[in-house]
Structure formats: structure tokens, C-alpha cells
Amino acid sequence: MTYTCIKITIEDGIGLIILDRPDALNALSDTLMHELSNAINTFDSNPDISVLIITGNDKAFAAGADIKGMVDKTYIDAYSSDFIGSHWHCVSNCRKPVIAAVSGYAFGGGCELAMMCDIIIASETAQFGQPEIKLGIIPGAGGTQRLVRAIGKSKAMEMILTGRIMKADEAERAGLVSRIVSSENLLLEAKHIAKKIAKLSTPSILMAKTAVNTAFETTLNQGIKNERGIFLSLFATEDQKEGMKAFVEKRPPKWKNK
Ligand code: DAK
């Protein structure tokens, strides 16, 4: 597939996706979302890639879904087309860890896209918001659910009901982002984290992601049972033997990803 709204590169086991519609503040058009979905699926099935990073530019991660592409849609257009298609779930369906590196606006679908990622790193210029209410709609890609889980009901309700924007420092305090770095270092830091993950044993990384995500889907008891099953299954891997042996022998492990 030829990409016109994103750019991709592969480096050191990291698949980097840059949202690239700067004139529209990276508004998430249908084309962009289809390209993003294609790139994520391609990276997810590439054995040479361990971690994905999604980023935008200094001004915008993404200012939301493309309002100009939605303005004239009728209910029946939306219902009978691929409007709420699987391309909007591409990040949540990705088995490998995905890091969002956010500078500037992450509004509406842009904020939702960041929240679909596993880790959000923000620059000090990042701003998060779900301003859909000001357009006469509500968030449509998980915002009403993921924001509550990330920052709690009161803050999420205030943001969703009023369209209030949250700056990077508040987002960090509220737990939406894992850390804030300078704009110049944003991608560097995201790559640094990605490389740390990429160096570890792939089966345990994939299973850790699955186990953590179960916390959003089930009860504490069920989640702990699920964790126990995954934990025990890792004792069937060669990498568990190697990881523990390497510790005992005081040397770095040589992962086989098996
Ligand atoms: N869509 C389309 N174009 C956008 C855009 C957007 N969301 N945001 C900005 N742009 C365009 C502007 O129209 C402008 O284009 P030109 O006029 O130059 O042609 C250009 O980007 C620069 O924007 P501004 O001139 O407005 O720049 P400012 O710095 O003055 O303001 C701003 C930046 C981010 C505060 C402002 O642009 C703004 O308020 N943008 C809209 C933010 C917003 O309301 N976002 C939520 C959109 S609704 C779905 C899942 C999810 C969604 C939908 C469906 N399915 C699963 C089907 C999500 C919906 C949304 O995200």
C-alpha cells in the first residue's frame, strides 16, 4: 500500500508511524485511518519488529477525526458504510506494545488514538481533550470509556461534558501519560523506551501486555486467575530458563524468543 497520510520507518526492531497531514493538524481522515490500520497490521505481523511508536509533529499528534469528512454524513450514510470500521480498532487489536509520542493537540479521535496505545509519552506542549460535545456529538472511539479508566470519573466527566482541554502537566498528574519530556527529546525518549522493550524476550512482552489489558475487561479475581495462567505458561518457554540462568550466572541473558 502506498501511504499518503502517514510515514513509516523501521529501525532497531521498532516500527515508527508518523501521522502526516500537517495542514489539517493530522486530522484522522478515512484514508489516514485505513493507512494506519494497514501499517499497524503489517508491523504486527513482521517478526523483525517488537514495538511500535505512533507520533505526529510538534503542533499536533492529531486534532481529532476529520470534521470536514463528517459534516455532511447522515445517520444512514454512517450506519451503512465502513464509518465505524475495524480500522478504528487497529491499535487496540495490535498484539505488540504500541507507544504514543504526543506533542501538541491530541483532541477527540486523536486523544482516543493515544489512549488506545499502551504507553503515552508527552512533550510539555501536549494537550489532551475530548471536545466532541462542542460539535454536537460525543466521543466515538472509546473516549467515554478509556478516559474514565485513565483519569477517573470526575475529571473525565468534566472534560467530556465541557470539552475542557488538559495540558501535559495535568495529564501526567492524572495518570493519562507516563511521563513528560521536552519536545526535542520526545521521539528519542519514545525510542529509548521502545528499545528497552525490544531487547527483552518477546513471549513475555506479549503476554505481559495481554495480562495488563485483562485488567480493563474483567473482575480482580478473574484477572488474577488469568495472570496466574499466563505466569505459569511462561515456565514452558526457553527464555524463562535462560533469563533465570543468566541471573544466577551473573551474565546478560541471550533471548531466543521461544
Ligand atoms: N478535522 C478537520 N480539519 C481540522 C481539524 C479536524 N478535526 N482540526 C483542525 N483542522 C484544520 C482546520 O480546519 C484548518 O484547516 P484550513 O482552514 O487551514 O483549511 C487547519 O487544520 C488548522 O487548524 P486551525 O486554523 O483551526 O488551527 P488553530 O491552531 O487555530 O486551532 C485547534 C487548533 C486544534 C484548536 C482547532 O483546529 C480545533 O479546534 N480543531 C478541532 C478539534 C476537534 O473538535 N476535534 C474533535 C473532532 S471530532 C469515529 C471515531 C472517532 C471520531 C469519529 C468517528 N468512528 C469510530 C467512526 C472522533 C471524532 C472527533 O475527533
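What you see is a predicted model, and the numbers here were worked out from it, not measured in a lab.

Student: How would you summarise the pairing of strand E7 (residues 119-123) if you had to cite specific residues and measurements?
Tutor: Within E7, four of the five residues are buried, which leaves the element mostly enclosed by the surrounding structure. In this structure, strand E5 (residues 98-102) lies alongside E7, joined through four bridges in parallel fashion. Looking at E7, one finds that Ile99 is bridged to Ile119. Summarising the sheet, E7 and strand E10 (residues 179-181) pair through three bridges and their orientation is parallel. Note that in E10 the partner of Ser123 across the bridge is Val181.

Student: Please provide a residue-by-residue account of the pattern of salt bridges, values included.
Tutor: Inspection of every chain in the model, using the stated rule, returns twelve salt bridges. Between Glu242 and Arg251 there is a salt bridge, with the nearest N and O atoms lying 2.7 Å from each other. Given the relative accessible area of 15%, Glu242 is considered buried. The exposure class of Arg251 is partly exposed, given its relative accessible area of 26%. The structure contains a network of salt bridges with shared partners spanning Lys155, Glu158, Arg164 and Glu170.

Student: Outline the sheet that holds strand E4 (residues 60-62), listing residues and values.
Tutor: Read from one edge of the open sheet, four strands run E4-E6-E8-E9, paired in mixed fashion. Lying at the two open borders of the sheet, with one neighbouring strand each, are E4 and strand E9 (166-167). Of the strand pairs in this sheet, strand E6 (residues 105-107) and strand E8 (residues 127-129) are connected by three bridges, and their pairing is parallel. Bridge assignment links Ala106 to a residue of E8, and that residue is Phe128. In the packing of helix H4 (residues 109-116) onto the sheet, contacts are made with E4, E6 and E8, and the angle to E6 comes to roughly 90°.

Student: Could you give me a rundown of helix H11 (residues 238-248), with the residues and numbers involved?
Tutor: Listing the buried residues of H11 in full gives Asp239, Gln240, Glu242, Gly243 and Ala246. Looking down the long axis of H11, one finds its buried residues gathered within 170° of arc, a one-sided arrangement. In this structure, the buried side of H11 is in contact with helix H9 (202-214). Phi turns positive one or two residues past the end of H11, at Lys250, with a value near 55°.

Reading guide: rules and limits
Residues numbered from 1 in each chain as written. Predicted model: local features only at pLDDT ≥ 70, side-chain atom pairs only at ≥ 80, totals over all residues. Heavy atoms only, no water. Buried < 20%, exposed > 50% of the residue type's maximum accessible area, 1.4 Å probe, protein only. Helix = DSSP H or I, 4+ residues; strand = E, 2+ residues; numbered from the N terminus. Pairing = 2+ DSSP bridges. Salt bridge = Lys/Arg side-chain N within 4 Å of Asp/Glu carboxyl O. Contact = heavy atoms within 4.5 Å. Axes fitted to C-alpha atoms, helices over the stretch in contact; angles between N-to-C directions. Arc of directions from axis to C-beta.

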